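# A look at the structure
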Amino acid sequence: MKTLKLLSLFSILFLTACSSVSVNADYDKRANFSNYKSFAYLKSGIDKAEISDLDKKRILYALDDVMATKGFSKSENADILISFFTKERERVDYYNNFGMSWGWNPWWGFNYSRPVTTTEGTLIIDIIDAKTKELVWQGKGSGYLTDDVDKKEERVKEFVTKILEKYPPQSKK
């Protein structure tokens, strides 16, 4: 019973840890972000992202929603251009059982470790000044990915929302 409770607690902690998105951003300190009110997508950059067209649409829909909540409007004559690219890698973690195992299982009486494989993805969002064609802001988010179709849209929205929390950068006084 004690082992079952510990396993349940471990599972909850593992899932909670996996659900987070690690984010950081960088920007041009000379850019005047208050001048930017509208956006469009840089199709040539987005076409290079090595993900399915369905996942690209999920990211674009999430970008539309988040930028609208920040007061930006989509425009043919935009102030900024948005592009993104992605990276993916398999992550293997080993979880150890340090203690005696009781009951009938292959590891009875021994310490053992078991590998857990997850897919970790990185989404990088570039914001480019439409007039100068220079990169003015870049945000990066990393976290686990899901193959569950019903959860993909929610997970993509979480990535985009967390990354764009840092846009536009707040001036430091």
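A brief structural summary. Throughout this document, residue positions are counted from 1 along each chain, in the order its sequence is written. Given that this is a predicted model, residues contribute local features only at a pLDDT of at least 70 and side-chain atom pairs are listed and counted only at 80 or more, while totals for whole chains, interfaces and linings are drawn from all residues. Each side-chain value is worked out from all heavy atoms of the structure, with water and hydrogens disregarded.

### Regarding the overall build of the protein chain
In this description a helix means any DSSP run of H or I spanning at least four residues, a strand means any run of E spanning at least two, and both kinds are numbered starting from the N terminus. Along its length, the protein chain carries 4 helices and 6 strands. For the protein chain, the succession of helices and strands along the chain, N to C, is α-β-β-α-α-β-β-β-β-α. With a 1.4 Å probe rolled over the protein chains alone, any residue whose accessible area is under 20% of its type maximum counts as buried; one over 50% counts as exposed, and the rest are partly exposed. Classification of the 173 residues of the protein chain by burial places 34% in the buried group. Working rule for contacts: check all heavy atoms of both residues, and any pair within 4.5 Å makes them a contact. Of the contacts made within the protein chain by residues no fewer than 6 positions apart, 71% connect residues no fewer than 24 positions apart. As presented, the protein chain carries roughly 12100 Å² of accessible surface, and 54% of it is formed by carbon and sulfur atoms. Only the protein chains shown count as cover for residues, and all accessible areas are computed by the Shrake-Rupley method using a 1.4 Å probe.

### Quick look at the packing of aromatic side chains
Two rings from Phe, Tyr or Trp (for Trp, the six-membered ring) form a pair when their centres sit within 6.5 Å of each other. Planes less than 30 degrees apart are called stacked, planes more than 60 degrees apart edge-to-face, and all others tilted. For the structure shown, the criterion picks out 6 aromatic pairs. Ring centres of phenylalanine 39 and tyrosine 41 lie 5.7 Å apart, and the angle between their planes is 75°; on these two criteria the pair is classed as edge-to-face. Grouping residues by exposure puts phenylalanine 39 and tyrosine 41 together as buried. Plain terms: the ring middles of phenylalanine 72 and tyrosine 167 are 5.8 Å apart, the flat faces sit at 40° to each other, and that makes the pair tilted. Taken together, the residues phenylalanine 72 in the loop between α3 (53–69) and β3 (73–74) and tyrosine 167 in the segment after α4 (149–164) connect sequence positions 95 residues apart.

### Structural notes on unusual backbone geometry
The amide bond that connects tyrosine 167 to the next residue, proline 168, takes the cis arrangement and shows omega of -10°. Its location among the elements puts proline 168 in the segment after α4. Although it is not a glycine, lysine 133 adopts a positive phi angle of roughly 60°. By the secondary structure assignment, lysine 133 is in the loop between β5 (112–129) and β6 (135–144). Classification of lysine 133 by relative accessible area gives exposed; the value is 58%.

### Some details on α3
Relative to the 24 Å expected for 17 residues at 1.5 Å per residue, α3 spans 24 Å between its end C-alpha atoms, a close match to the ideal helical length. Within α3 the residues assigned to the buried category are Asp55, Lys56, Arg58, Ile59, Ala62, Leu63, Val66 and Met67. Projected down its long axis, α3 shows its buried positions confined to an angular sector of 155°, all on one face. In α3, the exposed residues that point more than 90 degrees away from the buried face are Asp53, Leu54 and Tyr61. One or two positions beyond α3, positive phi appears at glycine 71, with a value near 90°. One fewer than the residue count of a helix, multiplied by 1.5 Å, yields its expected span. Think of the arc as the fan of directions from the helix axis to the C-beta atoms.

### Structural notes on the side chain of threonine 122
Within the fold, threonine 122 resides in strand β5. A residue is classified by how much of its surface remains accessible, and threonine 122, at 15% relative accessible area, is buried. We call two N or O atoms a polar contact when they sit within 3.5 Å, provided that within protein one can donate a hydrogen and the other can accept it, with sequence-adjacent residues counted only if both atoms are side-chain atoms. Separated by 2.9 Å, the side chains of threonine 122 and serine 142 make a polar contact. Sequence-distant contacts of threonine 122, defined by excluding residues within four places in its chain, comprise Phe85, Thr86, Lys87, Lys140, Gly141 and Ser142.

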